[in-house]
Amino acid sequence: MSSTEGKVICCRAAVAWEAGKPLVIEEVEVAPPQANEVRVKILYTSLCHTDVYFWEAKGQHPLFPRIYGHEAGGIVESIGEGVTDLQPGDHVLPVFTGECKECAHCKSEESNMCDLLRINTDRGVMLNDGKSRFSIKGKPIYHFVGTSTFSEYTVIHVGCLAKINPKAPLDKVCVLSCGISTGLGATLNVAKPKKGSTVAVFGMGAVGLAAAEGARIAGASRIIGVDLNSSRFELAKKFGVTEFLNPKDHKKPVQEVIAELTNGGVDRSIECTGNVEAMISAFECVHDGWGVAVLVGVPHKDAVFKTHPVNFLNERTLKGTFYGNYKPRTDIPSVVEKYMNKELDIEKFITHQLPFSEINKAFDYMLKGEGLRCIIHMEE
(Lines give C-alpha, C1' and ligand atoms only; values in the text may rest on other atoms or scores of the structure.)
Protein backbone atom coordinates (compact mmCIF):
# COMPACT_ATOMS: atom_id res chain seq x y z
CA MET A 1 0.00 0.00 0.00
CA SER A 2 1.46 3.35 -1.04
CA SER A 3 1.80 6.06 1.61
CA THR A 4 -0.46 8.35 -0.43
CA GLU A 5 -3.31 5.85 -0.95
CA GLY A 6 -6.69 7.27 0.07
CA LYS A 7 -5.23 10.76 0.59
CA VAL A 8 -5.30 13.95 -1.45
CA ILE A 9 -2.01 14.42 -3.35
CA CYS A 10 -0.61 17.91 -3.90
CA CYS A 11 1.45 18.12 -7.11
CA ARG A 12 2.27 20.27 -10.10
CA ALA A 13 -0.03 20.56 -13.10
CA ALA A 14 -0.03 22.79 -16.19
CA VAL A 15 -3.37 24.59 -16.01
CA ALA A 16 -5.06 26.32 -18.95
CA TRP A 17 -6.91 29.22 -17.33
CA GLU A 18 -8.29 30.62 -20.58
CA ALA A 19 -8.35 29.88 -24.30
CA GLY A 20 -5.08 30.32 -26.17
CA LYS A 21 -3.16 31.71 -23.16
CA PRO A 22 0.06 30.00 -22.01
CA LEU A 23 -0.41 27.19 -19.50
CA VAL A 24 0.55 27.99 -15.90
CA ILE A 25 2.36 25.47 -13.69
CA GLU A 26 0.24 25.41 -10.53
CA GLU A 27 0.08 23.39 -7.31
CA VAL A 28 -3.09 21.30 -7.57
CA GLU A 29 -4.85 18.90 -5.21
CA VAL A 30 -5.67 15.51 -6.77
CA ALA A 31 -8.38 13.57 -4.93
CA PRO A 32 -8.17 9.79 -4.43
CA PRO A 33 -9.80 7.57 -7.06
CA GLN A 34 -13.43 6.57 -6.58
CA ALA A 35 -15.16 3.38 -7.80
CA ASN A 36 -13.72 2.13 -11.13
CA GLU A 37 -11.11 4.90 -11.10
CA VAL A 38 -7.32 4.79 -10.94
CA ARG A 39 -4.85 7.45 -9.81
CA VAL A 40 -1.80 7.45 -12.03
CA LYS A 41 1.62 9.05 -11.62
CA ILE A 42 2.43 10.48 -15.05
CA LEU A 43 6.11 10.20 -15.95
CA TYR A 44 6.05 11.33 -19.60
CA THR A 45 3.47 13.09 -21.71
CA SER A 46 3.49 14.42 -25.24
CA LEU A 47 1.50 17.08 -27.02
CA CYS A 48 -1.01 16.14 -29.72
CA HIS A 49 -2.80 18.50 -32.09
CA THR A 50 -6.13 17.73 -30.34
CA ASP A 51 -4.82 19.37 -27.15
CA VAL A 52 -3.91 22.49 -29.10
CA TYR A 53 -7.26 22.59 -30.94
CA PHE A 54 -9.31 22.53 -27.73
CA TRP A 55 -6.91 24.86 -25.90
CA GLU A 56 -7.46 27.40 -28.71
CA ALA A 57 -11.25 26.83 -28.30
CA LYS A 58 -12.01 27.79 -31.89
CA GLY A 59 -15.62 26.81 -32.38
CA GLN A 60 -16.28 24.13 -29.80
CA HIS A 61 -17.75 24.57 -26.31
CA PRO A 62 -14.95 26.19 -24.25
CA LEU A 63 -14.39 24.83 -20.74
CA PHE A 64 -11.83 26.47 -18.45
CA PRO A 65 -9.84 26.23 -16.21
CA ARG A 66 -8.75 22.86 -17.56
CA ILE A 67 -5.84 20.42 -17.47
CA TYR A 68 -5.13 19.17 -20.99
CA GLY A 69 -2.99 16.24 -22.14
CA HIS A 70 -3.94 12.76 -23.32
CA GLU A 71 -0.83 11.16 -24.81
CA ALA A 72 1.22 9.80 -21.93
CA GLY A 73 2.78 7.00 -19.94
CA GLY A 74 2.66 6.46 -16.21
CA ILE A 75 2.52 4.13 -13.20
CA VAL A 76 -0.55 3.26 -11.15
CA GLU A 77 -0.33 4.94 -7.71
CA SER A 78 -3.63 3.69 -6.24
CA ILE A 79 -6.91 2.10 -7.32
CA GLY A 80 -10.53 2.77 -6.47
CA GLU A 81 -13.19 0.30 -5.38
CA GLY A 82 -14.06 -2.38 -7.93
CA VAL A 83 -10.82 -2.12 -9.92
CA THR A 84 -9.47 -5.65 -10.47
CA ASP A 85 -7.47 -5.35 -13.71
CA LEU A 86 -4.81 -3.02 -12.31
CA GLN A 87 -2.62 -2.83 -9.20
CA PRO A 88 -0.34 -0.09 -7.83
CA GLY A 89 2.97 -0.22 -9.70
CA ASP A 90 1.48 -1.33 -13.04
CA HIS A 91 2.71 0.55 -16.12
CA VAL A 92 -0.12 2.10 -18.12
CA LEU A 93 -0.90 4.23 -21.15
CA PRO A 94 -3.93 6.51 -20.65
CA VAL A 95 -6.24 6.62 -23.70
CA PHE A 96 -8.74 9.37 -24.62
CA THR A 97 -11.37 6.76 -25.44
CA GLY A 98 -12.17 3.66 -23.46
CA GLU A 99 -13.28 0.06 -23.30
CA CYS A 100 -15.83 -0.85 -20.63
CA LYS A 101 -15.90 -4.46 -21.91
CA GLU A 102 -19.66 -4.63 -21.23
CA CYS A 103 -21.49 -2.64 -23.95
CA ALA A 104 -22.52 -3.82 -27.43
CA HIS A 105 -19.53 -2.04 -29.01
CA CYS A 106 -17.02 -3.61 -26.63
CA LYS A 107 -18.56 -7.06 -27.17
CA SER A 108 -18.40 -6.60 -30.96
CA GLU A 109 -15.24 -7.74 -32.72
CA GLU A 110 -15.74 -4.97 -35.27
CA SER A 111 -16.06 -1.87 -33.09
CA ASN A 112 -13.96 0.05 -30.58
CA MET A 113 -16.53 2.81 -29.96
CA CYS A 114 -17.47 2.05 -26.35
CA ASP A 115 -20.88 3.43 -25.35
CA LEU A 116 -19.74 4.39 -21.86
CA LEU A 117 -16.24 5.69 -22.47
CA ARG A 118 -15.94 6.90 -26.05
CA ILE A 119 -14.31 10.30 -26.35
CA ASN A 120 -16.31 13.23 -24.96
CA THR A 121 -14.53 16.55 -25.37
CA ASP A 122 -17.26 18.57 -23.61
CA ARG A 123 -17.19 16.61 -20.34
CA GLY A 124 -14.78 18.02 -17.78
CA VAL A 125 -15.74 15.80 -14.85
CA MET A 126 -15.62 12.13 -13.84
CA LEU A 127 -18.50 9.82 -14.79
CA ASN A 128 -18.86 8.37 -11.30
CA ASP A 129 -20.18 11.48 -9.55
CA GLY A 130 -20.08 14.28 -12.11
CA LYS A 131 -17.27 16.03 -10.21
CA SER A 132 -13.63 16.85 -10.90
CA ARG A 133 -10.77 15.18 -9.03
CA PHE A 134 -8.60 18.29 -9.49
CA SER A 135 -8.85 21.46 -7.43
CA ILE A 136 -6.86 24.54 -6.48
CA LYS A 137 -7.77 25.99 -3.07
CA GLY A 138 -11.14 24.26 -3.26
CA LYS A 139 -11.96 25.51 -6.78
CA PRO A 140 -12.48 22.66 -9.28
CA ILE A 141 -10.23 22.41 -12.34
CA TYR A 142 -11.79 20.54 -15.26
CA HIS A 143 -10.56 17.28 -16.80
CA PHE A 144 -9.93 16.80 -20.55
CA VAL A 145 -11.05 13.65 -22.46
CA GLY A 146 -10.87 11.67 -19.24
CA THR A 147 -7.06 11.75 -19.06
CA SER A 148 -5.59 15.20 -18.16
CA THR A 149 -1.98 14.08 -18.35
CA PHE A 150 -0.41 17.54 -18.00
CA SER A 151 -0.36 16.83 -14.26
CA GLU A 152 2.12 14.83 -12.17
CA TYR A 153 -0.86 12.80 -10.89
CA THR A 154 -4.23 12.29 -12.56
CA VAL A 155 -7.37 10.22 -12.00
CA ILE A 156 -8.66 8.11 -14.92
CA HIS A 157 -11.47 5.59 -15.40
CA VAL A 158 -10.05 2.07 -15.39
CA GLY A 159 -11.52 1.49 -18.87
CA CYS A 160 -9.26 4.19 -20.33
CA LEU A 161 -5.97 2.63 -19.23
CA ALA A 162 -3.97 0.10 -21.24
CA LYS A 163 -1.76 -2.07 -19.00
CA ILE A 164 1.54 -2.57 -20.81
CA ASN A 165 4.80 -4.47 -20.54
CA PRO A 166 6.74 -2.90 -17.62
CA LYS A 167 9.98 -3.31 -19.61
CA ALA A 168 8.72 -0.94 -22.33
CA PRO A 169 10.35 2.52 -22.02
CA LEU A 170 7.52 4.90 -21.12
CA ASP A 171 9.38 7.87 -22.64
CA LYS A 172 9.00 6.20 -26.05
CA VAL A 173 5.78 4.16 -25.97
CA CYS A 174 3.77 7.06 -24.51
CA VAL A 175 3.27 8.27 -28.12
CA LEU A 176 1.29 5.09 -28.84
CA SER A 177 -1.57 6.22 -26.62
CA CYS A 178 -3.02 8.47 -29.33
CA GLY A 179 -1.79 9.69 -32.73
CA ILE A 180 0.68 6.99 -33.74
CA SER A 181 -1.78 4.17 -33.03
CA THR A 182 -4.51 6.09 -34.87
CA GLY A 183 -2.50 6.26 -38.11
CA LEU A 184 -0.93 2.83 -37.79
CA GLY A 185 -4.26 1.14 -37.12
CA ALA A 186 -6.02 2.99 -39.94
CA THR A 187 -3.65 1.22 -42.33
CA LEU A 188 -3.13 -2.17 -40.67
CA ASN A 189 -6.65 -2.71 -39.27
CA VAL A 190 -8.90 -0.88 -41.74
CA ALA A 191 -7.21 -0.28 -45.13
CA LYS A 192 -5.32 -3.61 -44.88
CA PRO A 193 -3.05 -3.17 -47.91
CA LYS A 194 -1.66 -6.38 -49.38
CA LYS A 195 2.05 -6.95 -49.86
CA GLY A 196 3.21 -5.24 -53.05
CA SER A 197 0.21 -2.87 -53.20
CA THR A 198 0.15 0.89 -53.82
CA VAL A 199 -0.92 3.25 -51.06
CA ALA A 200 -1.52 7.02 -50.96
CA VAL A 201 -1.42 8.89 -47.64
CA PHE A 202 -2.88 12.40 -47.42
CA GLY A 203 -1.25 14.54 -44.74
CA MET A 204 2.35 14.07 -43.60
CA GLY A 205 1.92 15.00 -39.94
CA ALA A 206 2.49 12.45 -37.18
CA VAL A 207 -0.76 10.55 -37.87
CA GLY A 208 -0.16 10.44 -41.63
CA LEU A 209 3.42 9.28 -41.17
CA ALA A 210 2.17 6.57 -38.80
CA ALA A 211 -0.25 5.49 -41.57
CA ALA A 212 2.71 5.39 -43.98
CA GLU A 213 4.68 3.35 -41.43
CA GLY A 214 1.75 0.92 -41.39
CA ALA A 215 1.91 0.64 -45.19
CA ARG A 216 5.67 0.01 -44.95
CA ILE A 217 5.12 -2.74 -42.35
CA ALA A 218 2.43 -4.29 -44.60
CA GLY A 219 4.92 -4.45 -47.48
CA ALA A 220 3.43 -1.85 -49.85
CA SER A 221 5.55 -1.40 -52.99
CA ARG A 222 4.73 2.30 -53.47
CA ILE A 223 3.70 4.77 -50.79
CA ILE A 224 2.69 8.17 -52.17
CA GLY A 225 2.71 11.01 -49.66
CA VAL A 226 0.43 13.98 -50.36
CA ASP A 227 0.91 17.28 -48.51
CA LEU A 228 0.75 21.01 -49.20
CA ASN A 229 4.14 21.44 -47.52
CA SER A 230 6.91 20.05 -49.74
CA SER A 231 9.52 20.39 -46.98
CA ARG A 232 7.92 17.37 -45.29
CA PHE A 233 9.03 14.91 -47.96
CA GLU A 234 12.58 14.44 -46.68
CA LEU A 235 11.32 13.33 -43.26
CA ALA A 236 8.53 11.23 -44.85
CA LYS A 237 11.13 9.04 -46.58
CA LYS A 238 12.09 7.66 -43.14
CA PHE A 239 8.55 6.29 -42.84
CA GLY A 240 8.59 4.44 -46.13
CA VAL A 241 7.16 7.18 -48.38
CA THR A 242 8.54 6.54 -51.88
CA GLU A 243 6.99 9.46 -53.80
CA PHE A 244 5.65 12.85 -52.85
CA LEU A 245 2.92 15.00 -54.38
CA ASN A 246 2.11 18.60 -53.53
CA PRO A 247 -1.35 19.40 -55.00
CA LYS A 248 -0.20 23.02 -55.47
CA ASP A 249 2.39 21.85 -58.02
CA HIS A 250 -0.29 20.48 -60.39
CA LYS A 251 -3.02 22.06 -62.50
CA LYS A 252 -5.17 18.91 -62.37
CA PRO A 253 -6.90 17.67 -59.22
CA VAL A 254 -4.47 15.50 -57.27
CA GLN A 255 -6.71 12.43 -57.60
CA GLU A 256 -6.26 12.61 -61.39
CA VAL A 257 -2.49 12.95 -61.01
CA ILE A 258 -2.41 9.86 -58.75
CA ALA A 259 -4.59 7.87 -61.18
CA GLU A 260 -2.15 8.66 -64.02
CA LEU A 261 0.86 7.70 -61.90
CA THR A 262 -0.64 4.37 -60.82
CA ASN A 263 -2.39 3.05 -63.92
CA GLY A 264 -5.90 3.90 -62.76
CA GLY A 265 -5.52 4.59 -59.05
CA VAL A 266 -3.94 3.31 -55.85
CA ASP A 267 -5.10 0.14 -54.11
CA ARG A 268 -5.53 1.92 -50.78
CA SER A 269 -5.59 5.50 -49.53
CA ILE A 270 -5.60 6.93 -46.02
CA GLU A 271 -6.66 10.53 -45.37
CA CYS A 272 -5.14 12.15 -42.27
CA THR A 273 -5.83 15.89 -42.65
CA GLY A 274 -9.48 16.49 -41.78
CA ASN A 275 -9.79 18.69 -44.88
CA VAL A 276 -12.93 17.65 -46.77
CA GLU A 277 -11.32 18.31 -50.18
CA ALA A 278 -8.48 15.94 -49.24
CA MET A 279 -11.10 13.38 -48.18
CA ILE A 280 -12.78 13.58 -51.58
CA SER A 281 -9.41 13.30 -53.34
CA ALA A 282 -8.46 10.31 -51.19
CA PHE A 283 -11.64 8.50 -52.18
CA GLU A 284 -11.51 9.40 -55.86
CA CYS A 285 -7.84 8.38 -56.24
CA VAL A 286 -8.41 4.70 -55.43
CA HIS A 287 -8.68 2.14 -58.22
CA ASP A 288 -12.12 1.01 -59.35
CA GLY A 289 -13.02 -2.62 -58.68
CA TRP A 290 -11.02 -2.98 -55.44
CA GLY A 291 -9.80 0.38 -54.15
CA VAL A 292 -10.41 1.25 -50.49
CA ALA A 293 -10.13 4.74 -48.99
CA VAL A 294 -10.02 5.27 -45.21
CA LEU A 295 -10.86 8.59 -43.53
CA VAL A 296 -8.98 9.40 -40.32
CA GLY A 297 -8.94 13.20 -40.08
CA VAL A 298 -11.73 15.00 -38.19
CA PRO A 299 -13.52 17.50 -40.46
CA HIS A 300 -15.02 20.90 -39.68
CA LYS A 301 -18.53 20.44 -38.23
CA ASP A 302 -20.17 22.03 -41.30
CA ALA A 303 -18.11 20.12 -43.89
CA VAL A 304 -20.00 18.12 -46.53
CA PHE A 305 -18.48 15.23 -48.49
CA LYS A 306 -19.52 15.27 -52.17
CA THR A 307 -18.69 12.71 -54.84
CA HIS A 308 -20.54 11.11 -57.71
CA PRO A 309 -22.42 7.89 -56.74
CA VAL A 310 -20.87 6.18 -59.79
CA ASN A 311 -17.58 6.14 -57.83
CA PHE A 312 -19.25 3.69 -55.43
CA LEU A 313 -21.03 1.74 -58.16
CA ASN A 314 -17.64 1.18 -59.78
CA GLU A 315 -16.66 -0.76 -56.67
CA ARG A 316 -14.65 1.73 -54.74
CA THR A 317 -15.05 1.51 -50.96
CA LEU A 318 -15.03 4.40 -48.47
CA LYS A 319 -14.44 3.67 -44.78
CA GLY A 320 -13.97 5.70 -41.64
CA THR A 321 -11.98 4.82 -38.56
CA PHE A 322 -11.75 5.95 -34.97
CA TYR A 323 -8.47 5.43 -33.09
CA GLY A 324 -7.28 3.01 -35.77
CA ASN A 325 -9.99 0.52 -34.74
CA TYR A 326 -7.88 -0.42 -31.70
CA LYS A 327 -9.69 -1.34 -28.47
CA PRO A 328 -7.59 0.46 -25.83
CA ARG A 329 -7.30 -2.25 -23.17
CA THR A 330 -7.38 -5.28 -25.45
CA ASP A 331 -5.22 -4.13 -28.38
CA ILE A 332 -2.78 -1.37 -27.33
CA PRO A 333 -0.57 -3.72 -25.25
CA SER A 334 0.14 -5.69 -28.45
CA VAL A 335 1.09 -2.48 -30.32
CA VAL A 336 3.65 -1.86 -27.55
CA GLU A 337 4.93 -5.40 -28.15
CA LYS A 338 5.39 -4.59 -31.87
CA TYR A 339 7.79 -1.87 -30.72
CA MET A 340 9.51 -4.21 -28.24
CA ASN A 341 9.95 -6.80 -31.01
CA LYS A 342 11.46 -4.13 -33.30
CA GLU A 343 8.64 -4.50 -35.87
CA LEU A 344 7.66 -0.87 -35.26
CA ASP A 345 10.07 2.04 -34.92
CA ILE A 346 8.64 4.87 -32.81
CA GLU A 347 11.85 6.77 -32.02
CA LYS A 348 11.67 8.53 -35.40
CA PHE A 349 8.37 10.16 -34.37
CA ILE A 350 10.03 11.81 -31.35
CA THR A 351 11.72 15.01 -32.47
CA HIS A 352 11.86 17.11 -29.26
CA GLN A 353 12.28 16.63 -25.50
CA LEU A 354 11.39 19.20 -22.82
CA PRO A 355 11.18 19.45 -19.03
CA PHE A 356 7.65 19.92 -17.66
CA SER A 357 8.43 23.53 -16.65
CA GLU A 358 8.87 24.38 -20.37
CA ILE A 359 5.63 22.77 -21.60
CA ASN A 360 4.57 25.96 -23.40
CA LYS A 361 7.52 25.51 -25.79
CA ALA A 362 5.86 22.27 -26.97
CA PHE A 363 2.80 24.34 -27.96
CA ASP A 364 5.09 26.72 -29.87
CA TYR A 365 6.66 23.80 -31.79
CA MET A 366 3.21 22.45 -32.69
CA LEU A 367 1.85 25.84 -33.77
CA LYS A 368 4.91 26.43 -35.98
CA GLY A 369 4.65 22.92 -37.44
CA GLU A 370 8.13 22.04 -36.15
CA GLY A 371 8.83 18.35 -35.61
CA LEU A 372 6.38 15.55 -34.87
CA ARG A 373 6.19 14.63 -31.21
CA CYS A 374 7.68 16.45 -28.21
CA ILE A 375 8.15 14.33 -25.07
CA ILE A 376 7.60 16.28 -21.86
CA HIS A 377 9.48 14.90 -18.85
CA MET A 378 7.37 15.32 -15.69
CA GLU A 379 10.28 14.61 -13.36
CA GLU A 380 12.88 17.24 -14.18
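Since we're looking at a predicted model, the values are computed, not measured.

What counts, and where the lines are drawn
- Residues numbered from 1 in each chain as written.
- Predicted model: local features only at pLDDT ≥ 70, side-chain atom pairs only at ≥ 80, totals over all residues.
- Heavy atoms only, no water.
- Helix = DSSP H or I, 4+ residues; strand = E, 2+ residues; numbered from the N terminus.
- Buried < 20%, exposed > 50% of the residue type's maximum accessible area, 1.4 Å probe, protein only.
- Arc of directions from axis to C-beta.
- Contact = heavy atoms within 4.5 Å.
- Polar contact = N/O pair within 3.5 Å; in protein donor to acceptor, adjacent residues only side chain to side chain.
- Pairing = 2+ DSSP bridges.
- Axes fitted to C-alpha atoms, helices over the stretch in contact; angles between N-to-C directions.
- 1 Å grid on protein atoms, 1.4 Å probe; cavity = no way out; pocket = protein on both sides within 12 Å on 5 of 7 lines; lining within 4 Å.
- Points joined across faces, edges and corners; volume = space filled by probe spheres on them.

**Student:** Is there a simple way to explain the environment of Asn120 in this structure?
**Tutor:** Take Asn120: it is sitting in the loop between α2 (104–107) and β6 (134–136). Here Asn120 falls in the partly exposed class, since its relative accessible area comes to 30%. C-alpha of Asn120 to C-alpha of Ile164: the two residues are 44 residues apart in sequence and 24 Å apart in space.

**Student:** Help me out: how do you make sense of helix α11 (residues 359–368) in this one?
**Tutor:** Three or four residues apart is the spacing at which side chains of an α-helix point the same way, because the helix has 3.6 residues per turn. Where α11 is concerned, the buried positions are Ile359, Ala362, Phe363 and Met366. Relative to the axis of α11, the buried residues are bounded by an arc of 100 degrees and lie together on one face. Tucked into the core, α11 has its buried residues touching β1 (9–15), β2 (24–30), α1 (49–56), β16 (350–355) and β17 (373–377). Phi for Gly369, located one or two positions after α11, is positive at around 75 degrees.

**Student:** Explanation requested: the side chain of Gln255 in the structure shown.
**Tutor:** Counting through the fold element by element, Gln255 comes out in helix α7 (residues 254–261). For Gln255, a relative accessible area of 12% gives the class buried. Side chain to side chain, Gln255 and Ser281 meet in a polar contact 2.9 Å long. Those residues in contact with Gln255 that sit more than four places away from it in its chain are Ile280, Ser281, Glu284 and Cys285.

**Student:** What is the right way to look at the sheet that holds strand β11 (residues 222–226) in this model?
**Tutor:** In a beta sheet, neighbouring strands pair by backbone hydrogen bonds and run either parallel or antiparallel. If you trace the six strands from one edge of the open sheet to the other, you get β12-β11-β10-β13-β14-β15, paired in parallel fashion. Each having just a single partner strand, β12 (243–245) and β15 (317–320) make up the two edges of the open sheet. Going across the sheet, the axis of each strand differs from the next one's by a mean of 20 degrees, ignoring polarity. Across the sheet, helix α4 (residues 179–191) is in contact with β13 (268–271), β14 (292–295) and β15; its angle to β13 comes to roughly 145 degrees. Running at roughly 170 degrees to β13, helix α8 (residues 276–284) makes contact with β10 (198–202), β13, β14 and β15 of the sheet.

**Student:** What am I meant to see in the sheet that holds β6 here?
**Tutor:** Read from one edge to the other, the open sheet built from four strands follows the order β1-β2-β6-β7, with strand pairing classed as antiparallel. Bordering the open sheet on either side are β1 and β7 (139–141), each of which pairs with just one other strand. Across this sheet, the average inter-strand angle for adjacent strands is 50 degrees, counted without regard to direction. The pairing of β2 with β6 spans two bridges and is classified as antiparallel. Bridge pairing in β6 links Glu29 to Ser135.

**Student:** What should I look at first to understand empty space enclosed by the protein in this one?
**Tutor:** Where empty space is left can be seen by rolling a probe of water-molecule size over the atoms. The tally for this structure, following the rule as stated, stands at one cavity of 30 Å³ or more. In this model, the largest cavity occupies a volume close to 70 Å³. Lining the largest cavity, in full, are Leu47, Thr351, His352, Ala362, Tyr365, Met366, Glu370, Gly371, Leu372, Arg373 and Cys374. Mapped by element, the contributors of at least two residues to the lining of the largest cavity are β16, α11 and β17. Among the elements that line the lining of the largest cavity, the one with the most residues is α11, at three residues.

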